Every structure is written in C-alpha cells, then in structure tokens.
Amino acid sequence: MQLDGKTALVTGGAKRVGRVISLTLAEAGANVVINYNNSAEEAEATAAEVEAFGVGALPVAADVGDPVAVEAMVDAAITRFGGIDVLVNNASTFHADPFPTTDLTVWNQAISTLVNGPFNCTNLVAPSMLERGGGAIVSVSDLSAFEAWPGYIGHAVGKSAILAMTRQFALELAPTVRANAVVFGPALRPHDYDDDRYQRTADKTLLDRWGTPEEMAHAVKYLIEADYVTGEYLVIDGGQRFGHRKAEAG
Amino acid sequence: MSLAGRAAIVTGAARGIGLTLARRLVDRGMRVTLLDRDPAVQARAESLGSLARGRVVDLRDIDETRAVAEATIEEMDGLWLLVNNAGVFEKTPLLEIDPSAWDSMMEINVRSMVLLIQAAAPSMIAGDGGRIVNQASMAAKLGTPGEAHYAASKAAVVALSRIAAHEFGPHQITVNSVCPGYVLTEMGADTRDPRQIAEWTATSPLGRLATPDDIAAAVEFLASDEAGYITGESLNVSGGACTW
C-alpha cells in the first residue's frame, strides 16, 4: 500500500515514538488521526507538525481501552476523512508492577491499554478497511514479548498478546487487510535512566547503540507498504535479543 | 538518506528475484554488480544501463569466488550492500539424498555466502559500515517433505546471518535474512503445473503467490539507512504462511 492520499489512525500518536510515527506517515502523504489519552497539548503540537506536510490532521482524545470512546473516535475520523486505511496500535502504558501484589491497578491498566486497546481499535476500524477494499494494521510490541522483565508482568503479558492478536488479525481479515507487528528495542531514553544505565542498555545490543524513533517509524512504514508481508513481526532492536551472551564474545 | 551512488553486489542475478532486485537497486541509483554462473548475466546487466555490470562466477569454486568477489569490490571501490541471493532448490526424499547432492546444496546455498561475506565485510569495516542481506526461505522454519537438504541449508543461512550480525555489529554492519514464501517468477509462471500453483497459493491467507518485487522490496528496505537498527533478523515475506 502506498501511503500517499490515505488516512492513518495512530493511537498514542501525540508524543515520543508515536509522534514520530505520525510525522513519518504524514511525510509519506497520509492524513493522520492522532489519538491521545491525556496528552492534549502534545497532540495539538503534533497535529500542527503533521499539517506542515500538507496533509490533514485530527487529534482525538480516547482511552483505547474504552470501546465507546474508540467508536466515537473512529466515527469522527471517518466523518472527517471518509474512512481509515491504516491503523497503528501504538498506545501503551509502562508502569512497574511488583508480583505478587494485592493492588490490581497496574495490571488492569496494562491489560486495558495493551490487550483491549488494539482489540477495540482493530475491531472498530476493520469494517471501514473491508468496505474500502484494503487496509494495513501495524501494532507495536517490545522485547518483553520474548523475555521476562522483572516487575513488568502486566506490560509483558500485554505486549505478548499483541503478537497473538496480530496473527489473528492477519488471518481473520485476509486477504483484504494485512496485519503485522513491530517489536521495538531501545529507542528513547526513559526519564529515569542515568548515564550508566543508558550505556549498559547500548552495550547489550549488537550494534552498541540505542535506536532512534525515526528507525522505529520507518519499520512501521515498511510494513504498511509491504504488500506480501502479513502476520509477521519485525524486531527493531539492534540485535539486542540475540546479545544475551555478548559479554562472552571478548 | 538515499542509496544512490553506493555499491552493491547481488548474486544469482541473471534472472528471477536477483535480476528484479538488481533492477530495483539500479533504479535507486546504486552501482550494482550482478554475479551469476550463467553467462547471460552480462547481457542482462547491460540491459539495466551504465550503473550495472555482470560477472560470471561459479560459486561452487572457492578460489574463483574469492577472486571475483575481491576484484569486484576493488573495482567498485568499496561496498555498501551484499545480497547473497544465489541458491539452488531440489526436491529429493531424505532416504534418497546422496551425500554429494547434500554437499552440493550446502556449497551453493551456504558456503558461497560465507566466502562472499569474508570478502565483503573487511571493506565495510574499513568504510562506514554496510548491509548484508542473505536469501533464506520459509523452508528454514516450515518446509515440506523432500526438502531436507534445502531446508537445512536455509536454516543455516538464518543462523549464519545471526552470528555475522554479532561479529560485525560494532562496525555498524547489519546482517539479516529474508524468508520468502512461494514466489512466482516469470520463468516459473510458464513452467509450473497449475495444480501446484494452486496448492502454493492456498498456503497464503492473502490468496496469492509472492512476486519477485515483493522480495526485492524487503531487501531494499533492509539495505536502507533507515533499517540500520534491524540486525540478526529473519524477515518473512510469506503472505502470512509463516508467522514466526
């Protein structure tokens, strides 16, 4: 699929890597529906950046875990642009979640955003894609889909579910709609990383460096355009998942 | 950033996926050397214009492969992209695979990639990094009866790519493999049994076979600057036939 003239919905598309995904799709000629939950100010700023590429931007608030809110968002997008061709399930939470625990807040939040979110959005966007006779879905996972992260059980389960949903979407919506996942490695320094931890993360990758949001966004763009790739996950991690014995390489 | 002006080698480039890829890279402004054992590679390269040239090489021959690879890299004054595309396919039940047929499959499908990587990586290390893309197959992960030697050779390509990614990573050289599903080349369209094409088509939820350009597009993506954080991966281009 060529992005020029199409319409894309990017969940969590206002800030961080989601913002760069929005801009990358806009640069390729797509109108962008910028979903956000709490980041209204960032969404307005990103919308202005999107419009600077000469395409339409529509910031819409919605908690992706809430099907009523998602339906209203999808309706607004279709009213404005006539339909949706591309969905990027990017919205994510990232909170530590000690285990065992007596407080289910973090678990429920993670499952709501990472499992119900992509389900709701895809479930409600897919009819427009099927009606238009084409569509591409890219959902964002990370390395916790493959390896346990201490203190992040809800997050890891949610990101794993994204791979399972991707396979289901690909099969159930074929041949009209393709669905793939991206698995991101280190791309943007979290606020609580000191220099030492930042460097240790770089050292775990085969390329000895962090990735960039632009590199993540370009992988999303490739999967939107790759007409024979579906049900697939593409890992953009500098080889980090293969680097677990790197220290022994000498 | 653009690939224009950078140097690439594509093996098995006289026809099919290799030729389609070479044409695509030339269209992006790359200087491309097409390698093939078929002398027709010269004329095919000429047909792509002044950015392409063809060289005949028998990848089974260790000395010849090394000599041609080194001469090519010297002539191109370095290398950004090596695409190890050449490979052979043969279907034989496991109990009937002759050791010489096994060896021959491994020589072309795996050993030739090692020789070309050994020739190419030093110049990438001396330069600004580079890209190595190795043609594997869905057979590396799934495979069908009669493909023991082929599937094993392609699984070896996936593993080889991963370890190369380890060893060359610090030099910003990425190494990945592509795992195509069933591809219908122009030659195949004329020669394949329609019943077989229908069986292959049924393996993809998309309801069609891959075109050579589907595979070439994946290689072009992995060759780009923007894909510089993807390494050690095997990318399925299988129309959903393989999802891991």
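My aim in this report is to walk through the structure given alongside it, one point at a time. Not measured: the values here are computed from a predicted model.

### What about the overall build of chain B?
Step number 1: Broken down by element type, chain B carries eight helices and seven strands.
Step number 2: Seen through its principal axes, chain B has C-alpha atoms that stretch 45 × 35 × 35 Å.
Step number 3: Taken across its 244 residues, chain B has 56% of its residues classed as buried.
Step number 4: Once local pairs closer than 6 in sequence are excluded, the contacts in chain B between residues at least 24 apart make up 69%.
Step number 5: Taken as a whole, chain B presents about 9800 Å² of accessible surface, with 53% of it coming from carbon and sulfur.
Step number 6: Averaging the locations of the 21 positively and 30 negatively charged side chains of chain B gives two centres separated by 3 Å.

### Topic: the layout of surface pockets
Step number 1: There is about 1800 Å³ of room inside the largest pocket.
Step number 2: As for the largest pocket, its lining consists of 49 residues, and the residues nearest its centre are R16, S92, T93, F94 and H155 of chain A.
Step number 3: Looking at the lining of the largest pocket, the elements with two or more residues in it are α1 (16–27), β2 (31–36), α4 (105–132), β5 (135–142), α5 (153–173) and α6 (195–204) of chain A.
Step number 4: The biggest single contributor to the lining of the largest pocket is α6 of chain A, with four residues.
Step number 5: Taken as a whole, the second largest pocket spans an internal volume of roughly 1400 Å³.
Step number 6: Breaking the lining of the second largest pocket down by element, the ones donating at least two residues are α1 (16–27), β2 (31–36), α5 (148–168), α6 (186–191) and α7 (194–202) of chain B.
Step number 7: Looking at the lining of the second largest pocket, its residues break down into 19 nonpolar, 15 polar and eleven charged.

### As for the packing of aromatic side chains
Residues and elements named next belong to chain A.
Step number 1: With the rule as written, the count across this model stands at eight aromatic pairs over all chains.
Step number 2: Both rings, one in F94 and one in W149, keep their centres 6.3 Å apart while their planes meet at 90°; by these two values the pair is edge-to-face. Of this pair, F94 sits in the loop between β4 (86–89) and α4 while W149 sits in the loop between β5 and α5; the two residues are 55 residues apart in sequence, bridging distant segments of the chain.
Step number 3: The class for F94 is partly exposed, based on a relative accessible area of 43%.
Step number 4: Consider the rings of Y193 and W210, whose centres lie 6.0 Å apart with planes at 85°: the pair is edge-to-face. In this pair, Y193 sits in the loop between β6 (177–184) and α6 while W210 sits in the loop between α6 and α7 (213–225), placing the two residues 17 residues apart along the sequence.
Step number 5: For W210, a relative accessible area of 9% gives the class buried.
Step number 6: Through a chain of ring-to-ring contacts, three or more aromatic side chains come together here, namely F94, W149 and Y152.

### What to know about the side chain of Q240 of chain A
Residues and elements named next belong to chain A.
Step number 1: In this fold, Q240 is placed in the segment after β7 (233–236).
Step number 2: Residue Q240 is classed as buried on the basis of its relative accessible area of 15%.
Step number 3: The contact partners of Q240, leaving out residues within four places of it in the chain, are L143, P186, K204 and T205.

### Quick notes on the pairing of strand β3 (residues 57–61) of chain A
All names here are of chain A.
Step number 1: Bridge count between β2 and β3: five bridges; the pairing is parallel. In the sheet register, Y36 faces β3, and the bridge partner there is A61.
Step number 2: Handedness of the crossover joining β2 and β3 through helix α2 (residues 40–51): right-handed.

### What about the interface of chain A and chain B?
Quoted interface sizes are often the accessible area lost when the parts come together.
Step number 1: With 36 residues of chain A at the interface, the matching set in chain B holds 37 residues.
Step number 2: Buried surface at the junction of chain A and chain B, summed over both partners, amounts to about 3000 Å²; 63% is from carbon and sulfur atoms.
Step number 3: The interface formed by chain A and chain B includes one salt bridge.
Step number 4: With its nearest N and O atoms 2.7 Å apart, the salt bridge here joins R241 of chain A to E233 of chain B.
Step number 5: In this structure, the connection of chain A to chain B is made through 15 residue pairs in polar contact (both at pLDDT 80 or more).
Step number 6: Those elements that place two or more of their residues in the side of chain A that touches chain B are α5, α7 and β7 of chain A.
Step number 7: Per-element tally for the side of chain A that touches chain B: the top contributor is α7 of chain A, with five residues.
Step number 8: Split by residue class, the side of chain A that touches chain B holds 18 nonpolar, eight polar and ten charged.

### Considering the pattern of salt bridges
Once their charged atoms are close, side chains differing in charge can pair, the charge on each being opposite to the other.
Residue and element names in this part refer to chain B.
Step number 1: Applying the stated criterion across every chain yields a total of 18 salt bridges over all chains.
Step number 2: The salt bridge partner of D38 is R15, with a shortest N-O separation of 2.6 Å. In this pair, D38 is assigned in the loop between β2 and α2 (40–47) and R15 in the loop between β1 (7–11) and α1, connecting sequence segments 23 residues apart.
Step number 3: The exposure class assigned to R15 is partly exposed, which follows from its relative accessible area of 36%.
Step number 4: Look at the salt bridges and you will find they share partners, linking R24, R28, D213 and E220 into a network.

### A word on the sheet that holds β5 of chain A
Residue and element names in this part refer to chain A.
Step number 1: In space, the seven strands of this open sheet follow the order β3-β2-β1-β4-β5-β6-β7, with parallel pairing throughout. Where the open sheet ends on each side, the last strands, each with one partner, are β3 and β7. Each strand of the sheet is rotated relative to its neighbour by a mean of 15°, with strand direction disregarded.
Step number 2: Two elements, strand β1 (residues 7–10) and β2, share four bridges in a ladder whose sense is parallel. Note on β2: the bridge partner recorded for A8 is V32.
Step number 3: Across the sheet, α2 touches β2 and β3, and the angle it forms with β2 is around 170°.
Step number 4: Sitting on the sheet, α7 is in contact with β4, β5, β6 and β7, with an inclination near 160° to β6.

Conventions and cut-offs
Residues numbered from 1 in each chain as written. Chains lettered and ligands numbered in written order. Predicted model: local features only at pLDDT ≥ 70, side-chain atom pairs only at ≥ 80, totals over all residues. Heavy atoms only, no water. Helix = DSSP H or I, 4+ residues; strand = E, 2+ residues; numbered from the N terminus. Buried < 20%, exposed > 50% of the residue type's maximum accessible area, 1.4 Å probe, protein only. Contact = heavy atoms within 4.5 Å. Areas by Shrake-Rupley, 256 points an atom, 1.4 Å probe, with all protein chains shown as cover. Lys, Arg positive; Asp, Glu negative; His and termini not counted. Charge placed at Lys NZ, Arg CZ, Asp CG, Glu CD. 1 Å grid on protein atoms, 1.4 Å probe; cavity = no way out; pocket = protein on both sides within 12 Å on 5 of 7 lines; lining within 4 Å. Points joined across faces, edges and corners; volume = space filled by probe spheres on them. Nonpolar A, V, L, I, M, F, W, Y, C, P; charged D, E, K, R; others polar. Phe/Tyr/Trp six-rings, centres within 6.5 Å; stacked < 30°, edge-to-face > 60°. Pairing = 2+ DSSP bridges. Right-handed = clockwise from strand over helix to strand, strands pointing away. Buried area = accessible area lost by both parts, 1.4 Å probe. Salt bridge = Lys/Arg side-chain N within 4 Å of Asp/Glu carboxyl O. Polar contact = N/O pair within 3.5 Å; in protein donor to acceptor, adjacent residues only side chain to side chain. Axes fitted to C-alpha atoms, helices over the stretch in contact; angles between N-to-C directions.

That is the geometry; function is a separate question.
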